[in-house]
Amino acid sequence: MKKLPIDDSLPELLRPRPARRPEPVSRPTRAQAEAAVRTLLAWAGDDPDREGLRLTPQRVADAYREYFSGYGEDAIALLADPVVDDVSDYDDIILLRDIPVLSHCEHHIAPFIGRAWVAYLPGGRVTGLSRLARVVDIYARRLQTQEALTAEIADALDKGLEPRGVAGLIEAEHQCIAARGIRQRGMTAVTMRFTGAFETDQALQARFLRVAGRTAAA
Ligand SMILES: [Zn+2]
């Protein structure tokens, strides 16, 4: 991680803070990534050279490419890209429900799996419904917390579509909770983010939660 230079002439609060997600300065080579997996296999207590594990570093490197393909993809640009459909006479909630979420927690690199509900009240632009699902996927395919994922999706919709408001809700089960320490299965975490009219208009927010079938979470 690249450190920002610290300018001592500025008071503490005014010094530039590193962004939450700095772009990696440089990526290790594929060979280095595979060697790191071998190290972890040995750290787990196994023999990385035994037959069953011989191709595991390769497979894990491939899997990482897939799990984390959201880095470098620009969700805001995707949303801002105009679509041809004319929906200018529609001005009510546009909601996509039950979007599959597969992400990885940034604390344990363990999967968290669930569903997302994303809605916006059109103002500036409208977009294809499939793009809403793409935006969820772009942010899910990064190391995440569920809270940050929910916020990033909502903020991307805000910036990319300039709507009157955005609502986002994610319900997911975290394997790091299910598999470690407290061996509890079936617990899910619910996170929400509301902006604009969804934040200020309680009736609108209640409508979103009702349509999302989440009145109990409200
Ligand atoms: Zn975790």
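Scroll up to find the structure.
Described in the following lines is the structure provided in the data block. (Residues numbered from 1 in each chain as written. Predicted model: local features only at pLDDT ≥ 70, side-chain atom pairs only at ≥ 80, totals over all residues.)

### What to know about the sheet that holds strand 2 (residues 111-121)
For clarity, the cut-off: For two strands to pair, DSSP has to find at least two bridges joining them. Strands here are runs of E lasting at least two residues and helices are runs of H or I lasting at least four, both read from the DSSP assignment and numbered beginning at the N terminus.
Strand order in the open sheet formed by 5 strands is 3-1-2-4-5, with mixed pairing between adjacent strands. Lying at the two open borders of the sheet, with one neighbouring strand each, are strand 3 (143-144) and strand 5 (189-196). With 9 bridges joining them, strand 1 (residues 94-105) and strand 2 adopt antiparallel strand pairing. Residue Pro100 lies in a different strand from strand 2, and its bridge partner there is Arg115.

### Brief notes about the nonpolar core
To keep things clear, this is the line we draw: Nonpolar cores are identified as sets of buried Ala, Val, Leu, Ile, Met, Phe, Trp, Tyr and Cys residues joined via C-beta atoms within 7 Å. With C-beta atoms placed from the backbone, a residue is labelled by how many other C-beta atoms lie within 10 Å of its own: buried for 20 or more, exposed for 12 or fewer, partly exposed between the two. Contact between two residues is assigned whenever their backbone-derived C-beta positions fall within 7 Å.
One finds Ala116, Val118, Val135, Val136, Tyr139, Ile153 and Leu157 to be the most contacted residues of the largest nonpolar core, which totals 35 residues. Within the residue set of this core, elements represented by two or more residues are helix 3 (75-80), strand 1, strand 2, helix 4 (129-140), helix 5 (146-161), strand 4 (165-174), strand 5 and helix 8 (202-211). In terms of residue count, strand 2 provides more of this core than any other element does, 7 residues in total. Leaving out residues up to four positions away in the same chain, Val136 has contacts with Ile99, Val101, Ala116, Val118 and Ile153.

### Looking at helix 1 (residues 30-44)
What counts here: Helices are assigned an expected span. That span is 1.5 Å times one less than the residue count.
Its 15 residues place the ends of helix 1 21 Å apart at the C-alpha level, agreeing with the 21 Å of an ideal helix rising 1.5 Å per residue. Phi for Gly45, located one or two positions after helix 1, is positive at around 110°.

### Details of helix 5
In this model, helix 5 (16 residues) spans 22 Å end to end at C-alpha, consistent with the 22 Å of a helix rising 1.5 Å per residue. Phi turns positive, to about 45°, at Glu162, one or two residues after helix 5.

### Let's talk about the pairing of strand 2
Within strand 2, 8 of the 11 residues are buried, which leaves it mostly tucked inside the rest of the structure. When strand 2 meets strand 4, the two strands line up antiparallel, connected through 10 bridges. Opposite Tyr120, over in strand 4, you have Val166 as the bridge partner.

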